[in-house]
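# Examination of the molecular architecture
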Amino acid sequence: MEKQVFDFGINTTRRHFLSKLSLGVGSAALGSLLIPDLFRGNGEPNMDDIVAGLPHFAPKAKRVIYLFQNGAPSQLDLFDYKPMLNKMHGEDLPESIRGGQRLTGMTANQAKFPLAGSVFKFAQHGKSGAWMSELLPHMSSIVDDLCIIRSLNTEAINHDPALTFFQTGAQVGNRPSMGSWLSYGLGSENQNLPGFCVLLSRGKGNGQGVYSKLWTNGFLDSVHQGVQFSSGENPVLYLNDPDGMDRAQRRKMLDKLSELNQGTFSEFGDPEITAKVQQYEMAFRMQTAVPEITDMSKEPESIVKLYGPECLVPGTYAANCLLARKLSEQGVRFVQLYHQGWDSHGGLPNEIKGQCMDVDQSSAALITDLKQRGLLDETLVIWGGEFGRTNYCQGTLTKDNYGRDHHPRAFTVWMAGGGVKPGIVYGETDEFGYNIVKDPVHVHDFHATILNQLGLDHEKLVFKHQGRRYRLTDVAGKLVKGLIA
Amino acid sequence: MNSKSKPSHQYFADWKGIIYNLAFFLNGLLVFLLVFEERLSIPFWMQSIGRMHPLVLHFPLVVLLLYSIWTLLVGKPESTRWNSDLADTLLLIGTFTAVIAAFSGFVLSKEEGYEADTLFWHKWLGIVISVASIVWYSTGKYLPPWKILSKIIAVSFILLLLIGGHLGGNLTHGEDFLTAPLELSSEPENKISFEEAKVYADLVQPVLKQKCYACHNAEKSKGDLQMQTKELLTKGGKNGALWDTTRADLGLLLARVHLPLDDKKHMPPRGKAQLTDEEIVLLAEWVKGGSSFEQMVSAISPQNPVYNYAQNILGGSRTEESYDFSAADPGKVKELNTTYRLIKPYSAESPALFVNFYNRAAFKSSDISDLAPLKDQIVAMDLSKMPVKDEDLKTIAQFPELRKLLLTFTDIQGRSLSELKKLTKLRELSLSGTAIKLAQVKELESIPSLKKVFIWSTDIQQEELAQLKKSRKIDFETGFRSDTVVLALNPPIIENEEQIISGNTPIKMKHQIPGTVIRYTIDGTEPDSINAPVYDKPILISKNTDLKAKAFKKGWYGSKQVDKTFLKSTYRADSVRLITEPDAKYKAKGGKSLADGVKSSAEPGSGSWLGYRETDFQSYLLFKKPVKASSVTLSMLRNVGGFIFPPVRIEVWGGSDEKSLKLLKTITPQMPDKTTSNVDDLVFEADFAPQEISCIKVIARPLAKLPAWHPGKGQKAWVFVDEVLVN
């Protein structure tokens, strides 16, 4: 045996060694063809490569306008027609339907959960025959352009986590907002405007706050942060150069400042410094770009009639819809509106009337307006709140007055344009409007579908932060093919 | 252990013999069963033996292959190098396992659900292998492996094993199992769009193809049924037509599908891929709807379950257009990108580029012509709101690949619109907001690819639109027309925030919609659209005024009324001295608050109201120089729920100093009742003959007992005052 080992040793020549080595290397080389990421160090794709590879496929939509109805509108009074609730008005919600759904602190102590039928009339509209409430005559008239999802569902039951979930894909704060993800993934189309703008308005109904964490860039570069426009006469303040300073001087000042910042950057390497420089440059270009957009005086009267007369009153929802169209038309990737006042825990019939007066005409107008300009197919418009409202009454139920509590299990959101199917109703709830019986769409699925419309694979749009790769859809989300045209 | 090992060793000494005999026995059994196959019935407990087939079959396959290869390789003279003993053992193990595999396979073949042709050949090959191998083992002693005959046998064995194994694989996994992945990648999925899809061709047929064709095709036609074509389907099989809508079960096809899985007649047979619930619903709905072969998916009602099924099957396809040009030089694309001109590929992989222009002021015609190097890649151009002239259309027409062109709100007049006829791939064109005319647009109909034209807000008249709508080929989007729409205006806005007007501050109003007329009154009447004065310059008031205004405009309904009360304050008191102290909770800034010229909000806790409950409100207003006064106004608050009532009595005294005061006026305010609104501003004006005054004393007495209807009946009411104005 020892001799064999010895013989083996002296018989192994360099030639043997090299031929065996070449085989070994050859096999590894062949194997590596099957694992393309093998030699990229940790199998970790470079962040720049991720962004350079975007969009992953040709997008249907280039831009998004998200009409967020903050406070959660009642789907049972607007979209999801449930005559059963009128028939059983005042009767208790069967336990089998509630099925252990948790309650908010506001109704947890209620002895009874009396069903409340909507006091508003519903009718079918358009070719699709979708049921719509009498509160929304304008939306009803464009129902064949809408893709109504009756089966959205979320995990949160209170405003803050639910809003944060819808906007950032997580219930806890400090994750990047959807608009920031898109700005990161697709950049701004127009270099003279931010890629992500936020417009606020409030109705007279019971309101819930909105706060800047909803349009935060989270761990993404701060150039992707949402830029909040102010609700007054001047949506962007301090656009004019101070007296005695002209454009050339301003330019010179910025160049000098940028030089100083570059110096500091080469010393410390903080990426926030370059972000700051970019923001100054953007602000400089915005000085000429923004006045053109925020000047509403050139809008023809037909536009004023389309959106309603309020659209020229700064800070109203109608004015924000018009401004959203103008921003989007100029290449702003994501325009986020929030309209407050939908949180009708009591006196719902009265409150919701006012809210619908605020939003119905101008929301529908936005669709019509984009359509007549040839932009609807490349602009995705989304309308909806953070959850739905319960089919049972909160507080005292009378024949024509009731309140509704938060309901995360099933609610309605609509989309239009941007390559989603027009004129369909997707998903279905049971006859109590409480549970989804067909085609549920979770918030993660919703996000995945929106990203898909913009040419992004939600599983590939990632950002590595503190050792973990993050996505808007976290570790879930499924493309809802039935929504896509 | 040791004591037992010896006898067991002896017992196994001739283990080869035992195995050989066992294999021989089993082969005999197998042949016997084969002879009487027709009369055979497999007891249920033996089914498990049958199902062991996939478990054992790989042993003989490998072992016999090994032995065959050994036979091929072995040379003469037989030497120790060739391990004949080991080879002999291999053949024996192969023979034994082959018969077990063949036997179990034979049992398994009695179960339903295997494709007959393949099964036939597989079964016989398996049996041949089993029998042949035991013959080979038996004759091995007489046939040395280096003989040419041995080599031939070995090659035959290899072939038999490979063919038999392949057929078995086909039986379990399907015929194209091996090649399927190759076909999928070589043939890109050509998905049809929802609009163009047909119910039969794109929904029903794929299901039949996947789940039924395997047995019902030209080669097999089980039950004399073939399903590949419309004619064959309609013909049915030996049991008759496939569907019959007059029957509750909709006829044979669905009846078979709905049978329990254990039923012999259930389709697809047990062991084959089954239909999903959705597919069954699809078939049922299709049959119910008259089993049409031509119906379009888009024609079915959205309430029909097939509609949703179709959405899930047909939707979501990324039907990316494939372009027959190659990508432009990325360096060139980058070079031509400016802050006002975005050029980007549709996706990272796409050769097609789109161009967007921004900033009207910076636009030059050359911004379009500069793009010439990319003319073979640019498929979309958005020139909305740019000052594009008719001449520029000629340049635009040089981009032959354009599919989408937006000229919304450009300066084109349409004179050279016909230039665009050169764009033979153009599909979508927006001319909204331009001055184009009907005739110019009609010319475009000759572009064969053109599908959609946007002509909202152009010079084309309403009557002319009807002519265009006749076009079958092009969809004209005419958008929203406002001519017949009459809406109510929103109310005008009164710009003055401060309600107290001191000096000559004018009252200003505005309305955001240009051309709106504001009409107003100051006498408390409702302004109308004819007689009420038109607001054309800021209003100056000389006394307390209730301003009411409405907006009017031709083509609109008048607005709702807006109103606001303005309190005139001519003389600001130089100092205020409170005679009685306000309640500690509501003392504002003391006397100063009464003459600060700022009207408080209706919020009692706003910190600018003086509140009195236990005592009267009494205060001096002092002027350094005498003023010629004719009225004193008290601005107060009513908040019924908050126990804040008007005072029962107001007294205004005046004179040259504190000691020479005369009572100038007494007011007894109206008390609220149950029907009065809860909260309101109260204004009490005490007028008197004009006179020179340096000192004014004001007294207001709270209600001592709240009325019986009030929740706090019998308790004292509050009075709240925030301003005392002298005119």
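Residues numbered from 1 in each chain as written. Chains lettered and ligands numbered in written order. Predicted model: local features only at pLDDT ≥ 70, side-chain atom pairs only at ≥ 80, totals over all residues.

For chain B, the count of helices and strands is 19 helices and 20 strands. By the compact-globule yardstick of 27 Å for 727 residues, chain B is too spread out, its C-alpha radius of gyration being 50 Å. Dimensions of chain B along its principal axes, counting C-alpha atoms only, are 155 × 85 × 65 Å. Evaluated residue by residue, chain B yields a buried proportion of 32% over its 727 residues. Here the analysis covers contacts within chain B between residues at least 6 apart in sequence; of these, 67% occur between residues at least 24 apart. (Helix = DSSP H or I, 4+ residues; strand = E, 2+ residues; numbered from the N terminus. Rg over C-alpha atoms; globule rule 2.2 N^0.38 Å. Buried ≥ 20, exposed ≤ 12 C-beta atoms within 10 Å, placed from the backbone. Contact = placed C-beta atoms within 7 Å.)

Time to look at the interface of chain A and chain B. Each partner contributes residues to the interface: chain A has 46 residues there, and chain B has 40 residues. Taken together, the elements giving at least two residues each to the side of chain A that touches chain B come down to helix 11 (271-294), helix 12 (301-307), helix 14 (348-372) and strand 12 (424-426) of chain A. Of the residues contributing to the side of chain A that touches chain B, the split by class is 17 nonpolar, 17 polar and twelve charged. (Nonpolar A, V, L, I, M, F, W, Y, C, P; charged D, E, K, R; others polar.)

This brings us to the pairing of strand 8 (residues 379-384) of chain A. Residues and elements named next belong to chain A. The buried fraction of strand 8 is high, at six of six residues. Side-chain alternation along strand 8 places T379, V381 and W383 on one buried face and L380, I382 and G384 on a second face that is also buried. Where strand 1 (residues 63-69) lies against strand 8, six bridges are found, and the strand directions are parallel. Looking at strand 8, one finds that V64 is bridged to L380. Where strand 8 and strand 11 (residues 411-417) come together, four bridges link them in antiparallel fashion. Across the sheet, residue I382 finds its bridge partner in strand 11, namely M415. (Pairing = 2+ DSSP bridges.)

So, on to the sheet that holds strand 3 (residues 378-382) of chain B. Paired through their backbone hydrogen bonds, the strands of a sheet run either parallel or antiparallel. Residues and elements named next belong to chain B. The sheet built from seven strands is open, its strands ordered 1-2-3-4-5-6-7 with mixed pairing. Among the strands making up the open sheet, the edge pair consists of strand 1 (341-345) and strand 7 (475-477). Each strand of the sheet is rotated relative to its neighbour by a mean of 15°, with strand direction disregarded. In this sheet, strand 2 (residues 353-357) lies alongside strand 1 in antiparallel orientation, the contact comprising five bridges. Bridging across to strand 2, P345 finds its partner in L353. (Axes fitted to C-alpha atoms, helices over the stretch in contact; angles between N-to-C directions.)

Interfaces are often described in size by the accessible area the parts lose on coming together. By domain assignment, chain A separates into domain 1 (2-34) and domain 2 (51-243 + 271-483). Inter-centroid distance (C-alpha atoms) of domain 1 of chain A to domain 2 of chain A is 65 Å. (Domains from an automatic or database assignment.)

Attention shifts here to the sheet that holds strand 12 (residues 545-552) of chain B. Residues and elements named next belong to chain B. On the basis of which strands lie adjacent, the open sheet formed by four strands has the order 9-13-12-11 and mixed pairing. This sheet does not close on itself; its edge strands, each paired only once, are strand 9 (500-502) and strand 11 (517-521). Ignoring strand direction, the axes of neighbouring strands in this sheet form an average angle of 35°. Sheet topology places strand 9 next to strand 13 (residues 562-569); three bridges connect them, and they run parallel. Following the sheet pairing, S502 is matched in strand 13 by S569.

All names here are of chain B. Packing of helix 5 (residues 58-73) against helix 8 (residues 148-173) brings their axes to within 9 Å, and their N-to-C directions diverge by 155°. Accordingly, the angle class assigned to the pair helix 5 and helix 8 is roughly antiparallel. Like other packed secondary-structure pairs, helix 5 and helix 8 cross with a definite hand, here left-handed. Every residue of helix 8 that contacts helix 5 at L61, L64, L65, S68, T71 and L72 is listed here: S150, K151, A154, F157, I158, L161 and G165. Of the residues contributing to the contact of helix 5 with helix 8, the split by class is eight nonpolar, four polar and one charged. (Parallel < 35°, antiparallel > 145°, perpendicular 65-115°, else oblique. Left-handed = near helix turned anticlockwise from the far one by under 90°.)

Now for unusual backbone geometry. For the bond from M267 of chain B to P268 of chain B, the omega torsion is -10°, close enough to zero to count as cis. Looking at the element boundaries, P268 of chain B is found in the loop between helix 12 (252-258) and helix 13 (277-288). Despite not being glycine, Y238 of chain A has its phi angle at roughly 55°, a positive value. Within the secondary structure, Y238 of chain A is located in the loop between strand 6 (227-228) and helix 10 (247-268). By C-beta crowding, Y238 of chain A is classed as exposed, having 9 other C-beta atoms within 10 Å.

All names here are of chain B. Their axes nearest at 9 Å, the elements helix 7 (residues 116-139) and helix 8 cross at an angle of 145°. As helix 7 packs across helix 8, the resulting crossing turns out to be left-handed. Along its contact with helix 7, which presents T118, L119, W121, H122, L125, G126, V128, I129 and W136, the element helix 8 presents I153, L160, L161, I163, G164, L167, G168, N170 and L171. Of the residues contributing to the contact of helix 7 with helix 8, the split by class is twelve nonpolar, six polar and no charged.

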